[in-house]
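Here's the letter readout for the chains.
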Amino acid sequence: PNPRANSAVAAMPPAARSAARTSSLYASPPDRIAIIGTGVIGASWAALFAARGFDVVGMVRNEHEAKLFAAAASEAWVRLRARGIAREAAPTRIRHVFSIEECCAGAVYVQESVPENLRLKQQVVAQIDAACPRGVLIGTSSSFLSASLISLSCAVDPSRVVTVHPSLPAWDNFVEVFSSEPSHVARLVDLLDCQLGMDVVPLGRESHGHVLNAMLLSLATTSALLIRSGVCSAAEADRAASHMGKLMYAGGGGSANYVGLIGGGKLDGVVAIATDGYTNVPLGMLGSAVTAVFGHGLLGRALLWLLQLLHAPLSLLEGWLHPMRAIQTYFLSPCLDEYRRLGGGDALCHRILQRVIALDSADNLPPLSD
């Protein structure tokens, strides 16, 4: 089943969500949240929950870890205060204990953020599952591993282990969630959106890296290959990514940019560009390799001519006869639907332009380098 279609909370309009947040930020008495895994992500979760009025208990193994947890939570708290989320000068609702059983006692929700090691996560989550009463959800911040894999060792209720993967809770409010149980998704959206104020993306199914890290991994891998192959420096790759990010942010993501700015508001436009791009991948990559190895001499030029001849039959295909066109149409059609949902046309492009201008004129941004 698609959990997104069954979450009434996820469909709440922004005004209703805002009202829900206002009425539920500070429960009386506060609910208790358990944090297992108190590194950067776990400490950030702890600070965020505490800033929203929850009592937070983190599990540490020794006094040294306790000091590291307190320091990381304080650092996250400074960022949350700067963003206007935390109100008090210091986090007073966070404490630590030395066992999973004590940490989970009385908790209404458990957030696991131990290192990305399958065996370790399975052992820890199995202990959490044994320590928590039925009905308490166990969120895993796993960056790539699925909750289904992580919950294999659970004996009490494996279905309550759910994916709750944030970007960086102290820096950004994005979080993606998945559970095969629609009621679990609704509870997560209520907790994370209505009470924490996060931008929750319920996923339709499990996937390696979910959405955020799958896209980040693709960008990081491509950037590293470009840098190491001598195409550009790290600084130049960062500049390209920054400009791409600006347009992505201005357009609210990829759909409006793909269809509106690149495709001229029509699916055929962006499909044609994508078809040309993907059709020429073998020619472009092999051509670059030939030039890198053989240079621009006679042998290099002869091999380039040979590549062009071998590629010619595919490039002669036009319209719907081109197999790549059908593939691109299938994959890009949802982008057209989103473009239309946003309003489409000149009005949407004008709004994107205004956002670009606002980003261009953000001269109050501090420089990254001294």
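Worth saying up front: this structure is predicted, and the values here are computed from it rather than measured.

(A) Highlighting the sheet that holds strand β3 (residues 94-97). Taken in spatial order, the eight strands of this open sheet run β3-β2-β1-β4-β5-β6-β7-β8, and their pairing is mixed. Of all the strands in the sheet, just β3 and β8 (199-202) have a single pairing partner and so form its edges. Going from strand to strand, the sheet's axes swing by 25° on average, the running direction of each strand aside. When strand β6 (residues 161-166) meets strand β7 (residues 174-178), the two strands line up antiparallel, connected through four bridges. Within β7, the position partnered with valine 164 by the bridge is valine 177. Running over the sheet, helix α2 (residues 40-51) touches β1 (32-36), β2 (55-59), β3, β4 (109-112), β6 and β7 and is turned about 170° from β1. Sitting on the sheet, helix α3 (residues 63-82) is in contact with β2 and β3, with an inclination near 160° to β3.

(B) Structural view of the packing of α2 against α3. Closest axis-to-axis distance for the α2/α3 pair is 8 Å, and the angle between their directions is 55°. In terms of their interaxial angle, α2 and α3 are classed as oblique. Here α2 and α3 pass one another in a crossing that is right-handed. In this structure, α2 uses Ala43, Ser44, Ala46, Ala47, Leu48, Ala50 and Ala51 to contact α3, whose residues at the interface are Phe69, Ala72, Ala73, Ala76, Trp77 and Leu80. Of the residues that constitute the contact of α2 with α3, the class distribution is twelve nonpolar, one polar and no charged.

(C) Broad picture of the pattern of salt bridges. Scanning the model with the defined rule gives eight salt bridges in all. Note that glutamate 112 and lysine 121 form a salt bridge whose closest N and O atoms lie 2.5 Å from each other. Between aspartate 268 and arginine 325 there is a salt bridge, with the nearest N and O atoms lying 3.3 Å from each other. In this pair, aspartate 268 sits in helix α11 (residues 267-279) while arginine 325 sits in helix α14 (residues 323-341), placing the two residues 57 residues apart along the sequence. Taking the relative accessible area as the measure of exposure, arginine 325 reaches 13% and is therefore buried.

(D) Molecular detail of the pairing of β1. The buried fraction of β1 amounts to five of the five residues, a majority that puts the element mostly inside the structure. Of the two faces of β1, both are covered, the one formed by Arg32, Ala34 and Ile36 as well as the one formed by Ile33 and Ile35. Here five bridges tie β1 to β2, and the two strands are oriented parallel to one another. Its bridge partner lying in β2, isoleucine 33 is registered against valine 56. Once the chain exits β1 it traverses α2 before rejoining the sheet at β2, and the crossover so formed is right-handed.

(E) Quick look at the confidence of the model for the chain. Here the chain shows a mean pLDDT of 85. Residues at 70 or above account for 87%. For residues 1-11, every residue scores under 50 in pLDDT, and the model assigns this stretch 24 contacts once sequence neighbours within four places are set aside. Confidence drops under a pLDDT of 50 for residues 13-28, and excluding neighbours within four residues, the segment shows 21 contacts in the predicted structure.

Rules behind the numbers
- Residues numbered from 1 in each chain as written.
- Predicted model: local features only at pLDDT ≥ 70, side-chain atom pairs only at ≥ 80, totals over all residues.
- Heavy atoms only, no water.
- Pairing = 2+ DSSP bridges.
- Helix = DSSP H or I, 4+ residues; strand = E, 2+ residues; numbered from the N terminus.
- Axes fitted to C-alpha atoms, helices over the stretch in contact; angles between N-to-C directions.
- Contact = heavy atoms within 4.5 Å.
- Parallel < 35°, antiparallel > 145°, perpendicular 65-115°, else oblique.
- Left-handed = near helix turned anticlockwise from the far one by under 90°.
- Nonpolar A, V, L, I, M, F, W, Y, C, P; charged D, E, K, R; others polar.
- Salt bridge = Lys/Arg side-chain N within 4 Å of Asp/Glu carboxyl O.
- Buried < 20%, exposed > 50% of the residue type's maximum accessible area, 1.4 Å probe, protein only.
- Right-handed = clockwise from strand over helix to strand, strands pointing away.
- pLDDT = per-residue confidence, 0-100.

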